[in-house]
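Working through the structure, step by step
Next come the chains, spelled out residue by residue.
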Amino acid sequence: MLQDKITQYTAEINAFSTDKADELEQFRIRFLGTKGIIKDIFEEFKAVSPEEKRSLGKVLNEFKQLAEAKYQSLKEHSDGTEVAADSGLDLTLPGEGFDVGTRHPLALVRKEIIGIFERLGFVVAEGPEIEDDWHNFSALNFPEEHPARDMQDTFFIKKGGEKGDIALRTHTSSVQVRMMEAGKPPFRAIMPGRVYRNEAISARAHCFFHQVEGLYVDENVSFADLKQTLFYFVQELYGEGTKVRFRPSYFPFTEPSAEMDISCTICKGDGCQMCKHSGWVEILGCGMVDPNVLENCGIDSKRYSGFAFGMGIERIANLKFEIRDLRLFSENDVRFLKQYKSALI
Ligand code: PHE
């Protein structure tokens, strides 16, 4: 009797097929549910004679496996479009999308700056954020007790140690020193990195910011090379037609030194808040590497000359994205950060 039932249901299961989720659910309830056929048959099985149990046990298990296998294989192919009757789930509702992380605006700008200089053959160099006096100051021609050291308000970690003062680097020029000490010219490299200065935090100043500095040392490098390199950089970064001008300046490690302005990218020179109505904004410092610096790093200053430059990434990003408060870069407010999703991949 039980055998007959099993034979009949086996035929039914073998013949069954659907790609509809609700029909499959009906199948599951009918055969595999808590009040389903398999449950009933196992109940009946308890009452059969011991001899029958021996012969039927295996058949019964195979029948159960058949029903389960059928259900699993149809489930993989079901369209999932129908509402599962007893689950309360509407499988047609759209999923809950997840947010892909966004790049930080400073990372986007740094990547773009690096890309431009890489196309000119510059490589990327890095160095430590905790520096000694030699690499941050002395090798760069900052004389001892010279007021130039106050140009950059320094966070000192240790005063007067074995290697002189230890401090958080105030610029990535220290990486230029390390590079020149460790290798032989020619050098063509940029140094991106975080730098620290002891300044009160406001919309226009922060106690840390990010720089990209650059160094080019070879035979016969002139100020014309410096100008052309930086001119190309600005055209690539802010678009063709952006004007540049160089104003004489002073840095202990370059001679002559200059600051470079570009025509305001926001008002195009008409005058706005960003350029303080002058039409120009300063974006970097630069100059010909002082021969003293080359000699300090073991490079023959009679044979080699070079240029160097340094810029703040925040400043470049401010102009690119019209961000007026430096603090936004380090506050991690996702409402701010999310805006830069696809600005520059
Ligand atoms: N190190 C300078 C600064 O941090 C920038 C600079 C680099 C200027 C190289 C000239 C040459 O302000």
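These numbers come from a predicted model, not from an experiment.

The rules we used
Numbers given for residues are sequential positions, taken from 1 along each chain in its written order. Only residues with pLDDT of 70 or above have their local features reported here, since the model is predicted, and side-chain atom pairs are shown and tallied only from 80 upward, although totals for entire chains, interfaces and linings are computed over all residues. The side-chain numbers reported here are obtained from all heavy atoms of the structure, hydrogens and water having been left aside. Numbering of helices and strands runs from the N terminus; a helix is a DSSP stretch of H or I covering at least four residues, while a strand is a stretch of E covering at least two. In this scheme Phe, Tyr and Trp rings, the latter by its six-membered ring, pair at centre separations within 6.5 Å, and the angle between planes marks the pair as stacked below 30 degrees, edge-to-face above 60, and tilted otherwise. Two thresholds decide whether a charge sits over a ring: the Lys NZ or Arg CZ must be within 6 Å of the ring centre and within 35 degrees of the ring normal. Should DSSP find at least two bridges between two strands, the strands are taken to pair. Any two residues whose heavy atoms approach within 4.5 Å at even a single point are treated as in contact. For every element, the axis is a line fit to its C-alpha atoms; helices are fit only across the contacting stretch, and the angle between N-to-C directions ranges from 0 to 180 degrees. An expected span of 1.5 Å times one less than the residue number is assigned to each helix. Exposed residues in this analysis have more than 50% of their type's maximum accessible area, buried residues have under 20%, and partly exposed residues fall in between, with area computed by a 1.4 Å probe over protein chains only. Note on terminology: a nonpolar core comprises buried Ala, Val, Leu, Ile, Met, Phe, Trp, Tyr and Cys residues joined through side-chain atoms within 4.5 Å. For this purpose, a residue is taken to be near a molecule or strand whenever a single non-hydrogen atom of the residue falls within 4 Å of it. Only the protein chains shown count as covering a residue, and every accessible area follows the Shrake-Rupley method with a 1.4 Å probe. Residue polarity is assigned by list, with Asp, Glu, Lys and Arg as charged and Ala, Val, Leu, Ile, Met, Phe, Trp, Tyr, Cys and Pro as nonpolar; anything else, Gly included, falls into the polar class. Marked domain ranges trace back to an automatic or database domain assignment. We define a salt bridge as a side-chain nitrogen of Lys or Arg found within 4 Å of a carboxyl oxygen belonging to Asp or Glu.

**Brief notes about unusual backbone geometry**
Excluding glycine, residues mostly have negative phi values, and the peptide bonds linking residues are mostly trans. A cis geometry characterises the amide bond from proline 185 onward to proline 186, with omega recorded as 5 degrees. With respect to the helices and strands, proline 186 occurs in the loop between α7 (173-182) and β5 (187-196). For the peptide bond that leads from glutamate 255 to proline 256, omega is -5 degrees, which places it in the cis range. Tracing the sequence through the fold places proline 256 in strand β8 (residues 254-263). Backbone geometry places asparagine 220, a non-glycine residue, at a positive phi of 60 degrees. You can see asparagine 220 is positioned in the loop between β6 (208-218) and α8 (223-238). With a phi close to 55 degrees, lysine 268 is a non-glycine residue in the positive phi region. Relative to the elements of secondary structure, lysine 268 occurs in the loop between β8 and β9 (280-289).

**Considering the packing of aromatic side chains**
Applying the stated criterion across every chain, the model contains 18 aromatic pairs. Taking the centre distance of 5.2 Å and the plane angle of 35 degrees together, the rings of tyrosine 216 and phenylalanine 307 count as tilted. Of this pair, tyrosine 216 sits in strand β6 while phenylalanine 307 sits in strand β10 (residues 305-312); the two residues are 91 residues apart in sequence, bridging distant segments of the chain. Chaining the aromatic ring pairs together yields one cluster made of Phe117, Phe122, Tyr216, Phe233, Phe307 and Phe309. A cation over an aromatic ring shows up here: lysine 53 above the ring of phenylalanine 45, its NZ or CZ 6.0 Å from the ring centre. It is arginine 194 that lies over the ring of phenylalanine 208; its NZ or CZ is 4.4 Å from the centre.

**Let's talk about the sheet that holds β10**
Read from one edge to the other, the open sheet built from seven strands follows the order β1-β5-β6-β10-β9-β8-β7, with strand pairing classed as mixed. Of all the strands in the sheet, just β1 (123-124) and β7 (244-251) have a single pairing partner and so form its edges. Examined bridge by bridge, β9 and β10 share five bridges and lie antiparallel to one another. Residue glycine 287 lies in a different strand from β10, and its bridge partner there is alanine 308. This element, helix α10 (residues 313-321), spans β6, β8, β9 and β10 of the sheet and lies at about 60 degrees to β10.

**Structural notes on helix α5 (residues 105-119)**
Here α5 spans 21 Å end to end across 15 residues, near enough to the 21 Å set by a 1.5 Å rise per residue. Those residues of α5 lying buried are Pro105, Leu106, Leu108, Val109, Ile113, Ile114, Gly115, Ile116 and Phe117. Following α5 by one or two positions, glycine 121 adopts a phi angle in the positive range, close to 95 degrees.

**Side note on the nonpolar core**
Note that soluble globular proteins tend to have their nonpolar side chains buried in a common cluster. In terms of nonpolar packing, the biggest core is built from 44 residues, with Ile113, Phe117, Phe309 and Met311 touching the most fellow members. Ranked by residues supplied to this core, first place goes to α5 with seven residues. In contact with phenylalanine 309, other than residues within four places in its own chain, are Phe117, Gln176, Ile190, Val212, Glu213, Gly214, Leu230, Leu284, Gly285 and Cys286.

**Quick word on the site of the ligand**
Around the ligand, the surrounding shell holds 14 residues, and the nearest of these are His171, Ser173, Arg197, Gln211 and Glu213. Relative to its free-state accessible area of 320 Å², the ligand is covered by the protein chains to the extent of 92%. For the shell around the ligand, the secondary structure elements donating two or more residues are β6, β9 and β10. With three residues, the top contributor of residues to the shell around the ligand is β10. Broken down by class, the residue content of the shell around the ligand amounts to five nonpolar, seven polar and two charged.

**Points about the domain arrangement of the protein**
What the domain assignment lists for the protein is domain 1 (2-87) and domain 2 (105-343). Each of domain 1 and domain 2 was reduced to a C-alpha centroid, and the two centroids are 74 Å apart.

**A few points about the pattern of salt bridges**
Considering all chains together, one arrives at 17 salt bridges under this definition. Between aspartate 19 and lysine 20 there is a salt bridge whose closest N-O contact spans 3.7 Å. Overall, the relative accessible area of 42% leaves aspartate 19 in the partly exposed class. We note a salt bridge from arginine 335 to aspartate 333, for which the minimum N-O separation is 2.7 Å. Given the relative accessible area of 66%, arginine 335 is considered exposed. Classification of aspartate 333 as partly exposed rests on a relative accessible area of 24%. Residues joined by salt bridges that share partners form a network here, namely Arg245, Arg247, Glu259 and Asp261.

**Topic: the pairing of β10**
Looking along a regular strand, one sees side chains alternate from face to face of the sheet. Of all the eight residues making up β10, seven are buried; the element is thus mostly covered by neighbouring parts of the structure. Note: β6 against β10, eight bridges, orientation antiparallel. In the strand pairing of β10, aspartate 218 is matched with serine 305.

**Some details on the pairing of strand β3 (residues 156-161)**
Of the pairings in the sheet, the one linking β3 to strand β4 (residues 164-168) comprises three bridges and is antiparallel in character. Across the sheet, residue phenylalanine 156 finds its bridge partner in β4, namely alanine 167. Where β3 hands over to β4, the hairpin turn is made up of two residues, counted between the paired strands.

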